[in-house]
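Overview (structure and organization)
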Amino acid sequence: ERSYTMESEVIKNIASNATGDDPRGGWMNGRLYETVADEQIKKGIDSAMTWANGLPDGDFKNSALSRIAGEYAREDITKAAAWATSIAGQEGSADAIRQVAEQMGRENPQAAIDWLVKLPEGSQDRAIGETFRQWTETDNVAASQYLATMPASATKDNAVAGFVRQLDREDP
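Residues numbered from 1 in each chain as written. Predicted model: local features only at pLDDT ≥ 70, side-chain atom pairs only at ≥ 80, totals over all residues. Heavy atoms only, no water.

1. Comments concerning the nonpolar core
Core analysis: the largest hydrophobic core is formed by 44 residues, its most contacted members being Trp 51, Trp 83, Ile 97, Val 100, Trp 115, Leu 116 and Phe 132. Contributions of two or more residues to this core are made by helix 2 (25–42), helix 3 (45–53), helix 4 (59–75), helix 5 (77–87), helix 6 (93–107), helix 7 (109–117), helix 8 (125–149) and helix 9 (154–170). Sort the elements by how many residues they give to this core and helix 8 lands first, with eight residues. Each residue touching Phe 132, except ones within four places of it in the same chain, is listed here: Ile 113, Ala 143, Tyr 146, Leu 147, Met 150, Ala 159, Gly 162 and Phe 163. (Core = buried A, V, L, I, M, F, W, Y, C linked by side-chain atoms within 4.5 Å. Buried < 20%, exposed > 50% of the residue type's maximum accessible area, 1.4 Å probe, protein only. Helix = DSSP H or I, 4+ residues; strand = E, 2+ residues; numbered from the N terminus. Contact = heavy atoms within 4.5 Å.)

This is the structure:
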C-alpha cells in the first residue's frame, strides 16, 4: 500500500518541476492538477485541504485549492466560506474564494456579495466581478441597487465590471 507521505512527495516533485515549455503544458498541467486534486478529495475534504496546504506555492497549489473549494462549497457552503475566509490573502486563495462565491451566488447572490466585501481587498477581486455578473444575469435591478450602496473602492470597480460585462452580453 502506498503511503500518503510518499504519494504527497511525488506529487510535490511533479508540481515543483512542471514547466510551461511545452506548448500543451498549460492544458496538460491543468488536467494533471485537477486529476490529482480529485483523487485527494476522494480521501475527504479535510485530508485534501491538508494535502493542498502542504504543496509548494504556484499553479499546482492554486488549482488544487480551487478544485477543493468547489467541492467543499457543494457539500457545505457555510463551512466552505469559513475555510475560504481563513485562507484569504494567501497564495492560491483567489480562485478558491471565487469557487465558494460562485456556489453561494447560485443560491443567494446578495449573501455571496455580503461575504465577499468583508474579505481583505484584493483577495476577492475576480470573485466579486463574477458574482455580480451572475447576479446581474438573474436580477439586474437588485444588483444595480446594491452597487449604488457600495462605497467607491477597487472592490466596487470590480463589481461594476462584472455588472457591465453581463449587461453587455445581454444587449451588445
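2. Regarding the packing of helix 4 against helix 6
Taken N-terminus to C-terminus, the directions of helix 4 and helix 6 make an angle of 25 degrees; their axes are 8 Å apart at the nearest point. Classified by the interaxial angle, the pair formed by helix 4 and helix 6 is roughly parallel. Handedness of the crossing formed by helix 4 with helix 6: right-handed. Contacts between helix 4 and helix 6 involve Leu 65, Ser 66, Ala 69, Gly 70, Ala 73 and Arg 74 from the first element and Asp 95, Ala 96, Arg 98, Gln 99, Val 100 and Gln 103 from the second. Tallied by class, the residues present in the contact of helix 4 with helix 6 amount to five nonpolar, four polar and three charged. (Axes fitted to C-alpha atoms, helices over the stretch in contact; angles between N-to-C directions. Parallel < 35°, antiparallel > 145°, perpendicular 65-115°, else oblique. Left-handed = near helix turned anticlockwise from the far one by under 90°. Nonpolar A, V, L, I, M, F, W, Y, C, P; charged D, E, K, R; others polar.)

3. Things to note about the confidence of the model for the protein chain
When the pLDDT values of the protein chain are averaged, the result is 82; 81% of them are 70 or greater. Averaged pLDDT values over the elements of the protein chain bottom out at 55 in helix 1 (residues 4–17) and peak at 94 in helix 5. (pLDDT = per-residue confidence, 0-100.)

4. What about the packing of aromatic side chains?
Overall, the coordinates contain five aromatic pairs when judged by the stated rule. Site record: aromatic cluster; members linked through ring pairs are Phe 132, Trp 135 and Tyr 146. (Phe/Tyr/Trp six-rings, centres within 6.5 Å; stacked < 30°, edge-to-face > 60°.)

5. Considerations on the packing of helix 6 against helix 7
Closest axis-to-axis distance for the helix 6/helix 7 pair is 6 Å, and the angle between their directions is 150 degrees. Of the residues in helix 7, those in contact with Ile 97, Val 100, Ala 101, Met 104, Gly 105 and Glu 107 of helix 6 are Pro 109, Ala 111, Ala 112, Trp 115 and Leu 116. Counted by class, the contact of helix 6 with helix 7 contains nine nonpolar, one polar and one charged residues.

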